[in-house]
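Here are the chains, one letter per residue:
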Amino acid sequence: MGASQSHGLSEKVSQDILEYIARNGLQPGDRLPNEYELAGMLQVGRSSVREAVKLLVSRNVLVVRQGAGTFVSQKRGITEDPLGLSLIPDKHRLARDLMEVRILLEPQIAAAAAQNAAAGEVEQLEQLCAQTEQTIRAGEPHLQKDIEFHTCIARSSKNLVVPQLLPILQKAIEVFIDVTNSSLLEETIATHREITEAIRRRDAAAAHDAMYLHLIYNRRQILTR
């Protein structure tokens, strides 16, 4: 079999595996059948399964844990930097333009979260709000908690597309904190509280406005630098 034929078969088998995941409702962290079992189910050789799994691992769909097996990735096909934003040299302009994108998207995402968040997600958001504040008060880097806070809101929106945008939103937070040298600490604490409270009350309009205010504070900080 030639290289092009082998690649074509690997692509087909990878699609078959994706269909198996969807058909069986596998979720992030769920284990797939072993290589031998997959080969039997898909009626292909084990080497074809092995190559297909490698393709899906490279695309962040699957993760292989030595001695444990093959699992559906928590990232579900999302790459860390899908748009190559880390390669843009002008970080100030990147921060400004990313903020414009956030202003277009995140207020509505917050409104959707207020309407659709499960009780457990609201509780998690409250915890992340408190943890972000504690981290800031302790004088420690708060980037990760900030990202987790906004990620929780995005997932709580229950929009199927929004989670695919998370790498962009997360990169925007990272670039903003770097460019502004974490200068909006008190504003972050206050607006995070307002966003959280609005989502807890299921007040979509208030959640929209609180997120918009949060982002406008951030944009003003970028524009004054």
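Quantities reported herein were computed from a predicted structural model and do not represent experimental measurements.

### A closer look at helix α4 (residues 91-116)
- Spanning 26 residues, α4 covers 35 Å between terminal C-alpha atoms, matching the ideal 38 Å at 1.5 Å per step.
- Isoleucine 103 marks the point of greatest bend in α4, at about 35 degrees, and the proline proline 107 comes within the next four residues.

### Comments concerning helix α5 (residues 119-137)
- In this model, α5 (19 residues) spans 27 Å end to end at C-alpha, consistent with the 27 Å of a helix rising 1.5 Å per residue.
- For α5, the full list of buried residues reads Glu121, Val122, Leu125, Leu128, Cys129, Thr132, Glu133, Thr135 and Ile136. Along α5, the residues classed as buried sweep out an arc of 160 degrees about the axis, all on the same side. Of the residues in α5, the exposed ones pointing more than 90 degrees away from the buried face are Ala119 and Gln134.
- For α5, the secondary structure elements touched by its buried residues are α4, α6 (143-156) and α8 (185-200).
- Remark: glycine 139 follows α5 within two positions and exhibits a positive phi of approximately 75 degrees.

### Overview of the pairing of strand β1 (residues 62-65)
- One ladder, built from 4 bridges, connects β1 with strand β2 (residues 69-72); its direction is antiparallel. Of the residues in β2, the one forming a bridge with leucine 62 is valine 72.

### A closer look at the layout of surface pockets
- Of the volumes computed, that of the second largest pocket is approximately 250 Å³.
- Around the second largest pocket, the lining residues are Arg31, Pro33, Asn34, Glu35, Leu38, Val49, Arg50, Val53, Lys54, Val64, Gly69 and Thr70.
- Looking at the lining of the second largest pocket, the elements that each hand over two or more residues are α2 (35-42), α3 (46-58) and β2.
- The leading source of residues in the lining of the second largest pocket is α3, at 4 residues.
- Per-class residue counts for the lining of the second largest pocket are 5 nonpolar, 3 polar and 4 charged.

### Focus on the environment of tyrosine 36
- Looking at the element boundaries, tyrosine 36 is found in helix α2.
- Distance from tyrosine 36 to serine 47, taken between C-alpha atoms, is 9.9 Å for residues 11 residues apart in sequence.

### Looking at the nonpolar core
- One finds Phe149, Ile153, Ile195 and Ile199 to be the most contacted residues of the largest nonpolar core, which totals 41 residues.
- When contributions to this core are tallied by element, the ones reaching two or more residues are α4, α5, α6, α7 (166-180), α8 and α9 (204-223).
- Per-element accounting of this core gives the leading share, 10 residues, to α4.
- Apart from the residues within four sequence positions on either side, isoleucine 195 is in contact with Phe149, Ile153, Ala210, Met211 and His214.
- Grouped together as the second largest cluster of nonpolar side chains are 16 residues, Ile17, Val49, Ala52 and Val72 included.

### Here we look at the side chain of histidine 214
- Relative to the helices and strands, histidine 214 is located in helix α9.
- Once you skip the residues sitting within four places of it in the chain, histidine 214 turns out to touch His150, Thr188, Thr191, His192 and Ile195.

### Some words on the packing of aromatic side chains
- As enumerated under the stated definition, the model contains 0 aromatic pairs in all.
- Its end group placed over the ring of phenylalanine 71, arginine 65 keeps NZ or CZ at 4.2 Å from the ring centre.

### Details of the pattern of salt bridges
- Overall, the coordinates contain 17 salt bridges when judged by the stated rule.
- Across the salt bridge formed by lysine 158 and glutamate 121, the nearest N and O atoms sit 2.4 Å from each other. Taken together, the residues lysine 158 in the loop between α6 and α7 and glutamate 121 in helix α5 connect sequence positions 37 residues apart.
- The partly exposed category is assigned to lysine 158, whose relative accessible area is 44%.
- Arginine 137 is the salt-bridge partner of glutamate 186, the closest N and O atoms lying 2.6 Å from each other.

### Concerning a nonpolar patch on the surface
- A cluster of nonpolar side chains, namely Val101, Leu104 and Leu105, defines an oily patch on the protein surface of about 260 Å² accessible area.
- By secondary structure assignment, the location of leucine 105 is in helix α4.

Rules used throughout
- Residues numbered from 1 in each chain as written.
- Predicted model: local features only at pLDDT ≥ 70, side-chain atom pairs only at ≥ 80, totals over all residues.
- Heavy atoms only, no water.
- Helix = DSSP H or I, 4+ residues; strand = E, 2+ residues; numbered from the N terminus.
- Expected span 1.5 Å × (residues − 1).
- Bend = angle between axes of the 7 residues up to and from the residue.
- Buried < 20%, exposed > 50% of the residue type's maximum accessible area, 1.4 Å probe, protein only.
- Arc of directions from axis to C-beta.
- Contact = heavy atoms within 4.5 Å.
- Pairing = 2+ DSSP bridges.
- 1 Å grid on protein atoms, 1.4 Å probe; cavity = no way out; pocket = protein on both sides within 12 Å on 5 of 7 lines; lining within 4 Å.
- Points joined across faces, edges and corners; volume = space filled by probe spheres on them.
- Nonpolar A, V, L, I, M, F, W, Y, C, P; charged D, E, K, R; others polar.
- Core = buried A, V, L, I, M, F, W, Y, C linked by side-chain atoms within 4.5 Å.
- Phe/Tyr/Trp six-rings, centres within 6.5 Å; stacked < 30°, edge-to-face > 60°.
- Lys NZ or Arg CZ within 6 Å of the ring centre and 35° of its normal.
- Salt bridge = Lys/Arg side-chain N within 4 Å of Asp/Glu carboxyl O.
- Patch = residues over 30% accessible without salt bridge, like charges linked within 9 Å, V, L, I, M, F, W, Y side chains within 5 Å.
- Areas by Shrake-Rupley, 256 points an atom, 1.4 Å probe, with all protein chains shown as cover.

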